[in-house]
Each structure stands twice: as structure tokens, then as C-alpha cells.
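Read off the chains here:
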Amino acid sequence: MDSVHKINQLFFPHIFDVSKAPKLPKEVFSLGTTSTFHKGTFLVHYGETLKHIYYLHRGTILGFRPVHHGEMNLAYVVKEGFFGEGWFFSRRSSMDEIVVAEDSLVTKFSESAVAKLIQDSQIVKNFLFTLAVKSTSVSTKFENFKNESIKERLKTFILNQFKNMGENDKLELNLSQKDIASIMNVHSVSISRAFSELKKEMKIQTFKNRIVIYR
């Protein structure tokens, strides 16, 4: 993984909002170890069997997933709450690489601590809420995305990149149209046609391995 910045261009990340989850009593966190993790720290590696669950108090955590040829693309963003719980409870090897995006305050719970946590019904409700939010967010977004035309999917891609990486009124992506076709899992001819259609609505310049979009 070369850099978060490079990978961040390539995906439509899920933003998991668990702000309405049942609140946890402060004493719960005494069961774990709370630390500040610095930007760029890997908390979970792809293929790892998790023996811990994490809770993010402050900061931002990024989850990456493999797509093709060993590349890892940004799949989701966590701003608060538990993460890693899905892989922990399923006992499956993690499909994620979880990286700290900015200095973040995180509590790490061991297996023995989790065994104590799930004895509390309020904490179980929090786990169920966060797992449900993540599950329904992914399935809803997938269905909506799948039913859009390729032109609309491409437009969504561009608007997402502007939101995350645009500078003033300009966005520059070091990607070819073929790269975007591969990311979106569609034929390169379809992407080329979609770009042609979007050029009627937006100012877009396409080069061999670079795309520049203006608002």
C-alpha cells in the first residue's frame, strides 16, 4: 500500500454512522486499554484472525479491502464506535486492513474483556446496533449503485472524489478510463461512452493516465 492518499481516489467509501447507538457507561472502557494511535498506524492486517475488538472515541479509522492485483481500496470510514467486531465474532480471517487516518483515541478489548462486555445487555444492544448499521448500509448502497446507469455511477464517483479530494474547483485523478472501468467492474467502452455523455454536463479533460474535472 503506497499511501492512503493514492488509494483514497479509487473507491466509494461507506460512512458508518453509529451516533444513535445505545450509549456505553464510562466504566466499560476500564476493561480495555485506551491509547492514542498515530496517523498511519495499522490496527488490523488483511488475513489476521482478530483477538481484540476496538472502540474509537475520537479520530478517524479507514478500512481497506482488496480489489484486484493485490491492490487495497478504501471501503469504509469509522468516526466513532466499535470496529473489528464483525471479524472477531465470526472467527473468520479479516478481509480488511484498518489504518488510522488521523491521531485517534482507541480502546482495545481483549477476548477476556469481550467475554465480560457481552454480559451487559446495554453493550450487546450497542454491538447489535453497530453491526446492523454496517450490514444495512453496505447492502443498501450496493443495491442503489447497481441499479444506476453507468453514467450516473460515474457521476457519483466523480462527486465523491470532489468531496474527499477536490481542491477548490478542480479535481485531478491519476487514473485512466480503463482503471475506472476496472474499479467499477464495467467494460471500458461503457466508461468511455459515459465520459462522453458527462462531458455535456461537466468540464472534463481525459488524458492517457490522468483525468481532470472542473466544477
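Computed from a predicted model, the values in this text were never measured in an experiment.

### Let's talk about the confidence of the model for the chain
Thinking step 1. Mean pLDDT over the chain: 83, with 84% of residues reaching 70 or higher.
Thinking step 2. When mean pLDDT is taken per element in the chain, strand 2 (residues 33-37) scores highest with 97 and helix 1 (residues 4-7) scores lowest with 40.
Thinking step 3. Residue range residues 1-11 is modelled with pLDDT below 50. Its contacts to residues more than four positions away, or to other chains, number 34 contacts.

### A short note on the packing of aromatic side chains
Thinking step 1. Enumeration according to the criterion identifies nine aromatic pairs in this entry.
Thinking step 2. Here Tyr54 and Phe83 contribute two aromatic rings whose centre-to-centre distance is 5.1 Å and whose plane-to-plane angle is 10°, an arrangement assigned as stacked. Taken together, the positions of Tyr54 in strand 4 (residues 52-66) and Phe83 in strand 6 (residues 81-83) put the pair 29 residues apart, joining distant regions of the chain. No difference in accessibility class separates Tyr54 from Phe83, as the two residues are buried.
Thinking step 3. Consider the rings of Phe89 and Phe127, whose centres lie 5.3 Å apart with planes at 80°: the pair is edge-to-face. On the criterion of sequence distance, the pair formed by Phe89 in helix 2 (residues 85-90) and Phe127 in helix 4 (residues 121-147) is long-range, its members being 38 residues apart.
Thinking step 4. Using a relative accessible area of 36% as the deciding quantity, one classes Phe89 as partly exposed.
Thinking step 5. With a relative accessible area of 4%, Phe127 lands in the buried category.
Thinking step 6. In this structure an aromatic cluster arises from ring pairing among Phe29, Tyr55, Phe82, Phe88, Phe89, Phe109 and Phe127.
Thinking step 7. Across the ring face of Tyr214, the terminal group of Lys203 is positioned such that the distance to the ring centre comes to 4.8 Å.
Thinking step 8. Over the ring of Phe207 we find Arg210; its NZ or CZ atom is 4.3 Å from the centre of that ring.

### Topic: unusual backbone geometry
Thinking step 1. Within the chain, Arg91 stands out as a residue other than glycine whose phi angle is a positive 65°.
Thinking step 2. Relative to the helices and strands, Arg91 resides in the loop between helix 2 and strand 7 (97-110).

### A closer look at helix 7 (residues 188-198)
Thinking step 1. For helix 7, the set of buried residues is Ser190, Ile191, Ala194, Phe195 and Leu198. Viewed along the axis of helix 7, the buried residues span an arc of 140°, placing them on a single side of the element.

### Side note on the nonpolar core
Thinking step 1. If you look at the biggest cluster of nonpolar residues, it comprises 29 residues, and the most contacted ones within it are Leu43, Ile61, Val78, Phe82, Phe83 and Phe109.
Thinking step 2. For this core, the elements supplying multiple residues, two or more each, are strand 3 (42-44), strand 4, strand 5 (72-78), strand 6, helix 2, strand 7, helix 3 (111-117) and helix 4.
Thinking step 3. The element that contributes the greatest number of residues to this core is strand 4, accounting for five residues.
Thinking step 4. Residue contacts for Phe109: discarding those within four places in its chain leaves Val28, Phe29, Leu31, Gly32, Lys51, His52, Ile53, Tyr55, Phe82, Val114 and Leu117.
Thinking step 5. Ile180, Met202, Ile204 and Ile213 belong to the second largest nonpolar core, which has 19 residues in total.

### Describing the pattern of salt bridges
Thinking step 1. The full count for this structure, using the stated rule, is seven salt bridges.
Thinking step 2. Taking the shortest distance from any N to any O, the salt bridge between Lys151 and Glu201 comes out at 2.4 Å. Linking Lys151 in helix 5 (residues 150-165) with Glu201 in the loop between helix 7 and strand 9 (203-206), this pair joins segments that are 50 residues apart in sequence.
Thinking step 3. In this structure, Arg210 engages Glu172 in a salt bridge whose closest nitrogen and oxygen atoms are separated by 3.2 Å. On the criterion of sequence distance, the pair formed by Arg210 in the loop between strand 9 and strand 10 (211-214) and Glu172 in strand 8 (residues 170-173) is long-range, its members being 38 residues apart.
Thinking step 4. The exposure class assigned to Arg210 is partly exposed, which follows from its relative accessible area of 30%.
Thinking step 5. Ionic contacts of the salt-bridge type, sharing partners, join the residues Lys151, Lys155 and Glu201 into one network.

Reading the values: the criteria
Residues numbered from 1 in each chain as written. Predicted model: local features only at pLDDT ≥ 70, side-chain atom pairs only at ≥ 80, totals over all residues. Heavy atoms only, no water. pLDDT = per-residue confidence, 0-100. Helix = DSSP H or I, 4+ residues; strand = E, 2+ residues; numbered from the N terminus. Contact = heavy atoms within 4.5 Å. Phe/Tyr/Trp six-rings, centres within 6.5 Å; stacked < 30°, edge-to-face > 60°. Buried < 20%, exposed > 50% of the residue type's maximum accessible area, 1.4 Å probe, protein only. Lys NZ or Arg CZ within 6 Å of the ring centre and 35° of its normal. Arc of directions from axis to C-beta. Core = buried A, V, L, I, M, F, W, Y, C linked by side-chain atoms within 4.5 Å. Salt bridge = Lys/Arg side-chain N within 4 Å of Asp/Glu carboxyl O.

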